[in-house]
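Commentary on secondary and tertiary structure
Listed here are the chains, written in short residue letters.
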Amino acid sequence: MEQFTKEQFCDYVKDHVLGFLPPSFEGAEIELKVITKANDIKLTGMLIRREGEAIVPNIYLESYYDKYKSGEDLDKLVGDVADTRIEYNRDSISISPEMLKDYEFVRPYLQIRLCDPETNKDRLSGLVSTPVGDYAATYIVKLENETENLGTLSVTPELMEIWGVTAEELHADALAADVARTPALNSVTDLLMEYRDGSKAANLLKGETPKNVNPFAFLGGEIPTFDSSSALALYCLSVDDKAYGASLLANESILQQVGEALGENYFVLPSSIHKLMIVPESNGASAADLVDMVTSINETEVLPEEVLSNKVHYYDRETGVLVNAVKREKDLETKRDAERPSLSEQLSQKKEEVRNRPPKPSHVKPRDEVSL
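Residues numbered from 1 in each chain as written. Predicted model: local features only at pLDDT ≥ 70, side-chain atom pairs only at ≥ 80, totals over all residues. Heavy atoms only, no water.

Next up on the list: the overall build of the protein chain. Along the backbone of the protein chain there are 13 helices and 13 strands. The burial tally for the protein chain puts 39% of its 372 residues in the buried class. When the accessible area of the protein chain is evaluated, it comes to approximately 21700 Å², of which 51% is carbon and sulfur surface. (Helix = DSSP H or I, 4+ residues; strand = E, 2+ residues; numbered from the N terminus. Buried < 20%, exposed > 50% of the residue type's maximum accessible area, 1.4 Å probe, protein only. Areas by Shrake-Rupley, 256 points an atom, 1.4 Å probe, with all protein chains shown as cover.)

Encoded structure:
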């Protein structure tokens, strides 16, 4: 039998999944939706909604289709989809559509999600967004209780209108809610120690002192002679649980605190949608080299849907301004060129200097008349 295309596979799952669900799902509405995710990645989501349910999961079918193409049994995969929906049984959750329309109810659950407008044009077309440097801040409502993550709800212009709030109010409230997730600035070597032995990495935003750790110790083998003062200083900025922590780039107060903790200006590298890497200016790295590094890591180490951008920013702690680092270096070079005299101006200045030289004393003989 010839394999199904992705569209045929999704239709088959839709037509047969009810047969793998318990009787409580009888009469459930099943819908397939193409959903635009980060970086305009299109995924096929299946929604299985029983009457009266306000919150249901999007079950993305791409991973199941990949398993099907690898030879897994078709009906087993339909059963796996059903199991995923059963595991998301939320009978005990009393959240109604009316509650989601109440801004005071959802405000504590707001979060910011950053993205690059150049790679998220389709996704941004249906969402509320605010420019943040070269990025765009979008907003979600993360619904959760004490023990479970119940899902997220993207903020659209229609939803904001229902709430009766402005984009400025939404942004301010989302910033405040993000701060409640405990921003953390950690030395990368501290984080390596945390991953290795469970020791808690120092949070520089709280004034904690990082450990003086030799990064070569994590490479195995003999540890070379090491002067910690000459090491590349590298830091990670995120929230405490390291989930969607790149949103902190939208918080001017946090950026200022980072500058105060480091005592200098710094570069911001978009490691992923979860973390930002902070490189102090004193490291001497060029913006172009940092962009090359970010680009290489994004291509080889980061999942496509978790890539934030290849753009590097520079933060000036005195002015509180965040700018594109490459553009800044080009502007500085242009300014230096503009201030540098042109060749013709340099020649004119030289001629003027020669004309203004005092005459030689009359008693000094020309060089060809000097004798012993």
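On to the environment of Tyr315. Positionally, Tyr315 belongs in strand E12 (residues 313–316). As for Tyr315 and Phe267, which are separated by 48 residues in sequence, their C-alpha atoms are 6.2 Å apart. Residue contacts for Tyr315: discarding those within four places in its chain leaves Glu252, Leu255, Gln256, Asn265, Tyr266, Gly320, Val321 and Leu322. (Contact = heavy atoms within 4.5 Å.)

Moving on, we get to unusual backbone geometry. Even without being a glycine, Asn39 presents a positive backbone phi close to 60°. Mapped onto the elements, Asn39 comes out in the loop between strand E1 (29–36) and strand E2 (42–49). Classification of Asn39 as buried rests on a relative accessible area of 18%. Positive phi, close to 60°, is recorded for Asp40, a residue that is not glycine.

So, about the sheet that holds E1. Taken in spatial order, the three strands of this open sheet run E1-E2-E3, and their pairing is antiparallel. Two strands close off the open sheet at either side, each with one partner strand: E1 and strand E3 (59–60). Running over the sheet, helix H1 (residues 6–16) touches E1 and E2 and is turned about 10° from E2. (Pairing = 2+ DSSP bridges. Axes fitted to C-alpha atoms, helices over the stretch in contact; angles between N-to-C directions.)

Moving on, we come to the pairing of E2. Counting buried residues in E2 gives six out of eight residues, a clear majority hidden from the surface. As defined by bridge partners, E1 adjoins E2 across eight bridges and the pair is classed as antiparallel. Counted as the bridge partner of Glu31 is Leu47 from E2. In this structure, the hairpin formed by E1 and E2 is closed by a connection of five residues, where Asn39 is found at a positive phi of approximately 60°. Relative to E3, E2 runs antiparallel, the two sharing two bridges. Among the inter-strand pairings, Gly45 is bridged to a residue of E3, identified as Tyr60.

Secondary-structure assignment places Arg50 in the loop between E2 and E3. Here Ser24 takes part through its side chain, which lies 3.2 Å from a polar atom of the side chain of Arg50. (Polar contact = N/O pair within 3.5 Å; in protein donor to acceptor, adjacent residues only side chain to side chain.)

Further remarks concern the sheet that holds strand E10 (residues 266–270). The six strands lie next to each other as E8-E9-E11-E10-E12-E13, forming an open sheet whose pairing is antiparallel. Each end of this open sheet is capped by a strand with a single partner; those strands are strand E8 (183–187) and strand E13 (321–324). Taken over all neighbouring pairs, the strand axes of this sheet differ in orientation by 30° on average, direction set aside. Alignment of E8 against strand E9 (residues 235–239), held across five bridges, turns out to be antiparallel.

Now for the packing of aromatic side chains. Within this structure, the stated rule accounts for nine aromatic pairs. Members of the aromatic cluster, connected to one another through ring pairs, are Phe4, Phe9, Tyr12, Tyr65 and Tyr68. (Phe/Tyr/Trp six-rings, centres within 6.5 Å; stacked < 30°, edge-to-face > 60°.)

Residue-level pLDDT values for the protein chain average 86, and 85% of them are 70 or greater. For residues 215–231, every residue scores under 50 in pLDDT, and the model assigns this stretch 17 contacts once sequence neighbours within four places are set aside. (pLDDT = per-residue confidence, 0-100.)

In this section: the layout of surface pockets. Approximately 1800 Å³ is the volume attributed to the largest pocket. Lining the largest pocket we find 50 residues, and of these Lys37, Asn58, Tyr60, Thr152 and Ser154 sit closest to its centre. Mapped onto the lining of the largest pocket, the elements with two or more residues apiece are E1, E2, E3, helix H2 (62–69), helix H4 (97–100), strand E4 (110–115), strand E6 (135–144) and strand E7 (149–154). The leading source of residues in the lining of the largest pocket is E1, at seven residues. (1 Å grid on protein atoms, 1.4 Å probe; cavity = no way out; pocket = protein on both sides within 12 Å on 5 of 7 lines; lining within 4 Å. Points joined across faces, edges and corners; volume = space filled by probe spheres on them.)

Moving on: the nonpolar core. Formed by 46 residues in total, the largest nonpolar core has its most connected members in Trp163, Leu170, Leu185, Leu237, Val258 and Ile278. Here this core gets five residues from one element, more than from any other, and that element is E6. Once residues within four sequence positions are removed from consideration, Val258 is found in contact with Leu185, Leu205, Leu237, Tyr266 and Ile278. Ranked by size, the runner-up nonpolar core spans 22 residues in total, among them Phe25, Met46, Tyr65 and Leu74. (Core = buried A, V, L, I, M, F, W, Y, C linked by side-chain atoms within 4.5 Å.)

With 14 residues, helix H11 (residues 287–300) extends 20 Å between its outermost C-alpha atoms, agreeing within 8% with the 20 Å of an ideal straight helix rising 1.5 Å per residue. Every buried residue belonging to H11 is among Ala287, Leu290, Val291, Val294 and Asn298, and all of these are buried. Take H11 and look down its axis: the buried residues cluster within an arc of 100°, on one side only. The exposed residues of H11 that point more than 90 degrees off its buried face are Asp289, Asp292, Glu299 and Thr300. Contacts from the buried residues of H11 go to E10, strand E11 (276–280) and helix H12 (325–339). (Expected span 1.5 Å × (residues − 1). Arc of directions from axis to C-beta.)

What follows concerns the packing of H2 against helix H3 (residues 74–87). Close contact between H2 and H3 brings their axes to 10 Å; oriented N to C, the two are set at 160°. Considering their axes alone, H2 and H3 lie roughly antiparallel with respect to each other. In terms of crossing hand, the pair formed by H2 and H3 is right-handed. Side by side, H2 and H3 meet where Tyr64, Lys67 and Tyr68 of the first sit next to Leu74, Leu77, Asp80, Val81 and Thr84 of the second. Each residue belonging to the contact of H2 with H3 can be placed in one class, and the counts come to five nonpolar, one polar and two charged. (Parallel < 35°, antiparallel > 145°, perpendicular 65-115°, else oblique. Left-handed = near helix turned anticlockwise from the far one by under 90°. Nonpolar A, V, L, I, M, F, W, Y, C, P; charged D, E, K, R; others polar.)

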